[in-house]
Amino acid sequence: MSSTRTARSEGRRAEILRAAFEVIAERGYRGASLAAVAERVGLTQQGLLHHFPTKEALLVAVLEARDQWDAVPPGHRLRLDLLGSLVEYNAMRPGLVQTFSALLGESVSEGHPAREFFTHRYDAVRESMGEVLRAEYGDRLPGGLTPERAAPLLVAVMDGLQYQWLLDPDGVDMPGAFGDFLDLLGAGDAP
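Residues numbered from 1 in each chain as written. Predicted model: local features only at pLDDT ≥ 70, side-chain atom pairs only at ≥ 80, totals over all residues. Heavy atoms only, no water.

**Description of the pattern of salt bridges**
In the structure shown here, the tally under the stated rule is 8 salt bridges. Between Glu 15 and Arg 12 there is a salt bridge; the shortest N-O distance is 3.7 Å. You can see Glu 15 and its partner Arg 12 sitting in helix H1 (residues 3-31), 3 residues apart, about one turn around the helix. The class for Glu 15 is partly exposed, based on a relative accessible area of 33%. Residue class for Arg 12 comes out partly exposed when judged on its relative accessible area of 25%. Connected through salt bridges with shared partners, the residues Glu 22, Glu 26 and Arg 40 form a single ionic network. (Salt bridge = Lys/Arg side-chain N within 4 Å of Asp/Glu carboxyl O. Helix = DSSP H or I, 4+ residues; strand = E, 2+ residues; numbered from the N terminus. Buried < 20%, exposed > 50% of the residue type's maximum accessible area, 1.4 Å probe, protein only.)

The structure is reproduced here in structure tokens:
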């Protein structure tokens, strides 16, 4: 395949992913159809199937793209202070947060095609957050919890703030509330 054709194909895939994010954010995964995504980018459903052969393949690509946008560059270690920056960044991308939240909420039902993705993702995220907390606080946080015990709570705060912010963006200052949580974590640090 020529480099021009490859670039065109990659560009079309990116358009399809953006459209899929929008449609899923509006309708949820179960309510989103390949036809609606195809229409949004000016393709026939057959044309969309050339790039993504199934709805599940498109879903996986959407989830992988979202994680790539939030990925820490190779060779960099995630730090607690950088999590606050990630929350601020998410506050500038409500459509992406809405898509992620809709898929996460739906994925808890049996048989949902994103269930396995989120199960594995949360295993990895909890482990990563445990490492972040260990690097910041050592073997015990100021309140006495181990990093491994506190990691699910940190993840719950991040995701829970996203839901609250989506429901009431004017009433919930997601970055500010997350900063308050980080202050709370370190409350025992003061002399």
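Text resumes after the structure shown.
**What about the environment of Leu 153?**
Along the chain, Leu 153 falls in helix H8 (residues 147-167). On the basis of relative accessibility, which here comes to 46%, the residue Leu 153 falls in the partly exposed class. Sequence-wise, Leu 153 and Met 129 are 24 residues apart; in three dimensions their C-alpha atoms are separated by 9.7 Å.

**Observations regarding empty space enclosed by the protein**
Applying the stated criterion across every chain, the model contains 2 cavities of 30 Å³ or more. Taken as a whole, the largest cavity spans an internal volume of roughly 70 Å³. Around the largest cavity sit Ala 20, Ile 24, Tyr 29, Ala 32, Ser 33, Leu 34, Val 37, Lys 55, Leu 58 and Leu 59, which together line it. Looking at the lining of the largest cavity, the elements that each hand over two or more residues are H1, helix H2 (34-41) and helix H4 (55-69). (1 Å grid on protein atoms, 1.4 Å probe; cavity = no way out; pocket = protein on both sides within 12 Å on 5 of 7 lines; lining within 4 Å. Points joined across faces, edges and corners; volume = space filled by probe spheres on them.)

**With respect to the packing of helix H5 (residues 80-91) against helix H9 (residues 174-185)**
Direction vectors running N to C along H5 and H9 enclose 165°, while the axes themselves pass 8 Å from each other. In terms of orientation, H5 lies roughly antiparallel with respect to H9. When you trace H5 past H9, the crossing you get is right-handed. Residues Leu 80, Leu 83, Gly 84, Val 87, Glu 88, Asn 90 and Ala 91 of H5 lie in contact with H9, whose contacting residues are Met 174, Pro 175, Phe 178 and Leu 182. Of the residues that constitute the contact of H5 with H9, the class distribution is 8 nonpolar, 2 polar and 1 charged. (Axes fitted to C-alpha atoms, helices over the stretch in contact; angles between N-to-C directions. Parallel < 35°, antiparallel > 145°, perpendicular 65-115°, else oblique. Left-handed = near helix turned anticlockwise from the far one by under 90°. Contact = heavy atoms within 4.5 Å. Nonpolar A, V, L, I, M, F, W, Y, C, P; charged D, E, K, R; others polar.)

**A short note on the packing of aromatic side chains**
Counted according to the given criterion, the structure contains 4 aromatic pairs. Relative to Phe 118, the ring of Phe 117 lies with its centre 5.3 Å away and its plane at 85°, an arrangement referred to as edge-to-face. Feature note: the residues Phe 100, Phe 117, Phe 118 and Tyr 122 constitute an aromatic cluster, connected by ring pairs. Over the ring of Tyr 29 we find Lys 55, and its NZ or CZ is 4.3 Å from the ring centre. The ring of Tyr 122 carries the charged tip of Arg 121 above its face, separated from the ring centre by 5.9 Å. (Phe/Tyr/Trp six-rings, centres within 6.5 Å; stacked < 30°, edge-to-face > 60°. Lys NZ or Arg CZ within 6 Å of the ring centre and 35° of its normal.)

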